[in-house]
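Chain by chain, the residues run as shown.
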Amino acid sequence: MKLVVLGSGTSVPHPRRASSAFWLETSGGSLLLDCSADAPHRMAQENLDWINLDAIWISHLHLDHCAGLAPLLFGIKWTPGINRRQKPLKIFGCEGITKLLKAIDESSNYKLFEQPFPLEFHEFAPTEEPRQVEMLVGLSAQILSTPHRHESLAIRLTDANGTTLVYTSDTGYAESLAEFARGVDLLILECSFYRDKPTVKHLELADAMRIAKLAGPQRLLLTHLYSVWDEVDLETEAKKLWAGETIGAYDGLRLEIRAPTD
Ligand SMILES: [Zn+2]
Ligand SMILES: [Zn+2]
């Protein structure tokens, strides 16, 4: 798998961090993990083949994770040459995505659902037990509810090469999440705050590293970074709490993810 960090930030505007979005290339196709308002233009900035994007995952309905969906569908519709695209665009995620899109669509008759190619929607109810879901051929997935919003979901992906990735998106602390991410090749974990977090619905560094310790990922990528992190060396602080490899996400970071060969 190949990962490109499009947005390592939050809902609060930041000069160097767009809000949440990650581009992922897998053996089964390309996948956008969350689609913030910044995501459509960030994909173009990174020279990614967004016109042929296979699937989108929406973790929850906070706008820093889904507000780019309507603009993306609106933009794709008016892209020169889009008539040549025939394969479907599959949109997966939490409950409420189509309701949100319909409300926007009807507000000004944008015809977002009328595309020259099929649009498929697959919404999943909250689940306290990991649940297997069908995604793309050559890419399987499990989902799990997170203590953030009623609808919020984490996702675990396994491609045909056996490479695994977990994207928690926004979450409070939960050991079930560590279990869900056990032994994964890359754990993309939120780490909103350094310390003294103002809410139980996000993580601070000590929480994130406790999850890392329990989960034991090959590599850990910390993201969803508020501006409190601007003055802190995240990777050095992380190392004090967990000996494994922690990477602080930044916009434009590219990672190659492989299952270990032994
Ligand atoms: Zn968020
Ligand atoms: Zn959120």
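You'll find the structure just up there.
In this report, we go over the structure that sits alongside the text. Note that the coordinates shown come from a computational prediction; the quantities given were computed from them, not determined experimentally.

The rules behind these values
Residues numbered from 1 in each chain as written. Chains lettered and ligands numbered in written order. Predicted model: local features only at pLDDT ≥ 70, side-chain atom pairs only at ≥ 80, totals over all residues. Heavy atoms only, no water. Buried < 20%, exposed > 50% of the residue type's maximum accessible area, 1.4 Å probe, protein only. Helix = DSSP H or I, 4+ residues; strand = E, 2+ residues; numbered from the N terminus. Arc of directions from axis to C-beta. Donors = N, O, S within 2.8 Å, 3.2 Å for Na, K, Ca; no water. Tetrahedral: all angles 85-135°; square planar, octahedral: opposite > 155°, others 65-115°. Pairing = 2+ DSSP bridges. Axes fitted to C-alpha atoms, helices over the stretch in contact; angles between N-to-C directions.

1. Quick word on helix α3 (residues 69-77)
Move 1: Taken together, the buried positions of α3 are occupied by L69, A70, L72, L73, I76 and K77. End-on, the buried residues of α3 take up no more than an arc of 165°, which puts them together on one face.

2. Structural notes on the coordination of the zinc ion (ligand 1)
Move 1: Within the protein, the zinc ion (ligand 1) binds to D64 (OD), H65 (NE2), D170 (OD) and H224 (NE2); these donor distances fall in the range 2.1 to 2.2 Å.
Move 2: Coordination at the zinc ion (ligand 1) is irregular, judged from the four donor atoms that bind it and the angles of 86 to 165° they form at the metal.
Move 3: For the zinc ion (ligand 1), all donor residues lie on one chain, and their spacing in sequence is D-H-x104-D-x53-H.
Move 4: Here the zinc ion (ligand 2) and the zinc ion (ligand 1) are spaced 3.6 Å from one another, each receiving a donor from D170. With a gap of 54 residues between them, D170 in the loop between β10 (164-167) and α5 (175-180) and H224 in the loop between β12 (219-223) and α7 (234-239) connect regions that are remote in the sequence.

3. Looking at the sheet that holds β12
Paired through backbone hydrogen bonds, the strands of a sheet run either parallel or antiparallel to each other.
Move 1: Pairing in this open sheet of seven strands is mixed, and the strands run β7-β8-β9-β10-β11-β12-β13 from one edge to the other. Either end of the sheet is taken by a strand with one partner, and the two such strands are β7 (131-136) and β13 (245-248). Averaged over all pairs of adjacent strands, the angle between their axes in this sheet comes to 20°, without regard to strand direction.
Move 2: Relative to strand β11 (residues 186-190), β10 runs parallel, the two being bridged by three bridges. Bridge pairing links V166 to L187 in β11.

4. Notes on the coordination of the zinc ion (ligand 2)
Between any two of four tetrahedral donors, the ideal angle at the metal is 109.5 degrees; between two of six octahedral donors, it is 90 or 180 degrees.
Move 1: Every protein donor of the zinc ion (ligand 2) is accounted for by H60 (NE2), H62 (ND1), H148 (NE2) and D170 (OD), and the metal-donor separations fall at 2.1 to 2.3 Å.
Move 2: One can describe the donor arrangement at the zinc ion (ligand 2) as irregular, given that its four donor atoms subtend angles of 92 to 160° at the metal.
Move 3: In primary-sequence terms, the residues that donate to the zinc ion (ligand 2) follow H-x1-H-x85-H-x21-D.

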